[in-house]
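Commentary on secondary and tertiary structure
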Amino acid sequence: MATQDIIKDFPRVDADIVRRAAQLQPAILADVAGRRGALNGRIRALHPGMKLAGAALTVEVRPGDNLMIHAAISLARPGDVLVIDGKGDLSAALMGTIMMTACRKLGIAGVVMDGAARDTAEIIDMDYPVFAAGSNPNGPTKNVPGRIGHPVSVGGVTVRPGDFIIGDADGVVVVEREKIEDLLPAAEKKVRDEAARIAAIQAGDTEAKWLAAALRAAGVLKEGESL
């Protein structure tokens, strides 16, 4: 394997920005990012209560082989999220309790993988945040080279090393490292606006005031018509 297949140093989203963005829902960030960046819904938390946020440490592996994940764990910095392109393969697990315990001990913020996990009940009991495409009791091989620190495709979305990753019960969203800080004011305003709208609905104002105009624009209603 060529040494350029492992990129150890790359810019990461700033830790202060991670802390601020981590207070938001992935759904809010996806909305203000143009309704993009959400990984395919098959990649989901092992338990709905799991949450993670951090800078992506990207790993590309061949299906069913976790050699490069072990290498990535040894290179990871505290606060990193392992983002693993496992090619969507569910025929063998890429990680289980032993590796997740090491990740937690090293301060890795969580794992997102387009592949399978195992020992899921134990990982849930650990309350360590893992988002995977599925589970399988088969163990992986440790023989095949891959890449670390390169752009990967995970759940249909390109993830670059150092990008911002956030996940909760809804799923996982990635925001480009260069864009996340500028999106935060709009995201925080959306949180306030949605809270105000929910309060208004609870007070009896249930009308969606934009609906009639949208129905006319879509040709469902003619001008002057109403529901």
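This write-up is about the structure you can find in this document. Computed from a predicted structure; not experimentally measured.

**Some details on the overall build of the chain**
Of regular secondary structure, the chain possesses seven helices and ten strands. When its C-alpha atoms are laid out on the principal axes, the chain stretches across 70 × 35 × 35 Å. Here the chain holds 227 residues, and 44% of them are scored as buried. Taken as two groups, the 27 positive and 29 negative side-chain charges of the chain have centres that lie 1 Å from each other.

**Regarding helix α3 (residues 67–75)**
All of the buried residues along α3 are Met68, Ile69, Ala72 and Ile73. End-on, the buried residues of α3 take up no more than an arc of 145 degrees, which puts them together on one face. Buried positions along α3 lie against β2 (52–60), β3 (80–95), α4 (97–105) and β6 (147–148).

**A few points about unusual backbone geometry**
At Lys87, a position not held by glycine, the phi torsion is positive, near 65 degrees. When its relative accessible area of 41% is taken as the criterion, Lys87 is described as partly exposed. The phi dihedral of Asp127 falls on the positive side, at around 60 degrees, and the residue is not glycine. Inspection of the secondary structure puts Asp127 in the loop between α5 (120–126) and β5 (130–135). Its relative accessible area of 52% is what places Asp127 among the exposed residues.

**Concerning the pairing of strand β9 (residues 164–168)**
Counted residue by residue, β9 has five buried out of five residues, so it is predominantly covered. Because side chains alternate across β9, one face comprises the buried residues Phe164, Ile166 and Asp168, and the other comprises Ile165 and Gly167, equally buried. Bridge analysis of β2 against β9 gives four bridges, and the strand direction is antiparallel. By the bridge assignment for β9, Leu52 is matched with Gly167. Two elements, β9 and strand β10 (residues 171–175), share five bridges in a ladder whose sense is antiparallel. Paired with Asp168 across the bridge in β10 is Gly171. Between the antiparallel neighbours β9 and β10 lie two residues.

**Focus on helix α6 (residues 180–202)**
Side chains of residues three or four places apart in an α-helix project in the same direction, reflecting 3.6 residues per turn. For α6, built from 23 residues, the straight-helix expectation of 33 Å at 1.5 Å per residue is met to within 8% by its first-to-last C-alpha distance of 32 Å. For α6, the full list of buried residues reads Ile180, Leu183, Leu184 and Ala187. Following α6 by one or two positions, Gly204 has its phi on the positive side, about 115 degrees.

**Digging into the pairing of strand β4 (residues 110–117)**
On any regular strand, side chains alternate: one points to one face of the sheet, the next to the other face. Here β4 lies mainly inside the structure; eight of its eight residues are buried. Pairing analysis gives seven bridges linking β3 to β4, with the strands arranged parallel. Residue pairing for β4: Ala93 is matched across the bridge by Ala116. Assessed by its sense of winding, the connection that carries the chain from β3 through α4 to β4 is right-handed.

**Re the environment of Pro48**
Examined against the element boundaries, Pro48 turns out to sit in the loop between β1 (44–45) and β2. The exposed category is assigned to Pro48, whose relative accessible area is 58%. Remark: the alpha-carbon pair of Pro48 and Gly224, spanning 176 residues in sequence, is separated by 46 Å.

**Concerning the side chain of Asp114**
As for its position among the elements, Asp114 is in strand β4. Residue Asp114 is classed as buried on the basis of its relative accessible area, which comes to 4%. Side-chain polar atoms of Asp114 contact the side chain of Arg42, separated by 2.4 Å. When residues no more than four places from it in sequence are discounted, the contact partners of Asp114 are Arg42, Ile43, Ile84, Gly86, Lys87, Gly88, Asp89, Ala133, Val154 and Gly155.

**So, the nonpolar core**
If you look at the biggest cluster of nonpolar residues, it comprises 44 residues, and the most contacted ones within it are Leu82 and Met95. Ranked by residue count, the leading element in this core is β3, at six residues.

**What about the side chain of Asp168?**
Tracing the backbone shows Asp168 in strand β9. The buried charged residue Asp168 lacks any salt bridge partner; its closest oppositely charged side chain belongs to Lys51, at an N-O distance of 6.0 Å. One polar contact links the side chain of Asp168 to the main-chain amide nitrogen of Asp170, over a distance of 2.9 Å.

Rules and cut-offs
Residues numbered from 1 in each chain as written. Predicted model: local features only at pLDDT ≥ 70, side-chain atom pairs only at ≥ 80, totals over all residues. Heavy atoms only, no water. Helix = DSSP H or I, 4+ residues; strand = E, 2+ residues; numbered from the N terminus. Buried < 20%, exposed > 50% of the residue type's maximum accessible area, 1.4 Å probe, protein only. Lys, Arg positive; Asp, Glu negative; His and termini not counted. Charge placed at Lys NZ, Arg CZ, Asp CG, Glu CD. Arc of directions from axis to C-beta. Contact = heavy atoms within 4.5 Å. Pairing = 2+ DSSP bridges. Expected span 1.5 Å × (residues − 1). Right-handed = clockwise from strand over helix to strand, strands pointing away. Polar contact = N/O pair within 3.5 Å; in protein donor to acceptor, adjacent residues only side chain to side chain. Core = buried A, V, L, I, M, F, W, Y, C linked by side-chain atoms within 4.5 Å. Salt bridge = Lys/Arg side-chain N within 4 Å of Asp/Glu carboxyl O.

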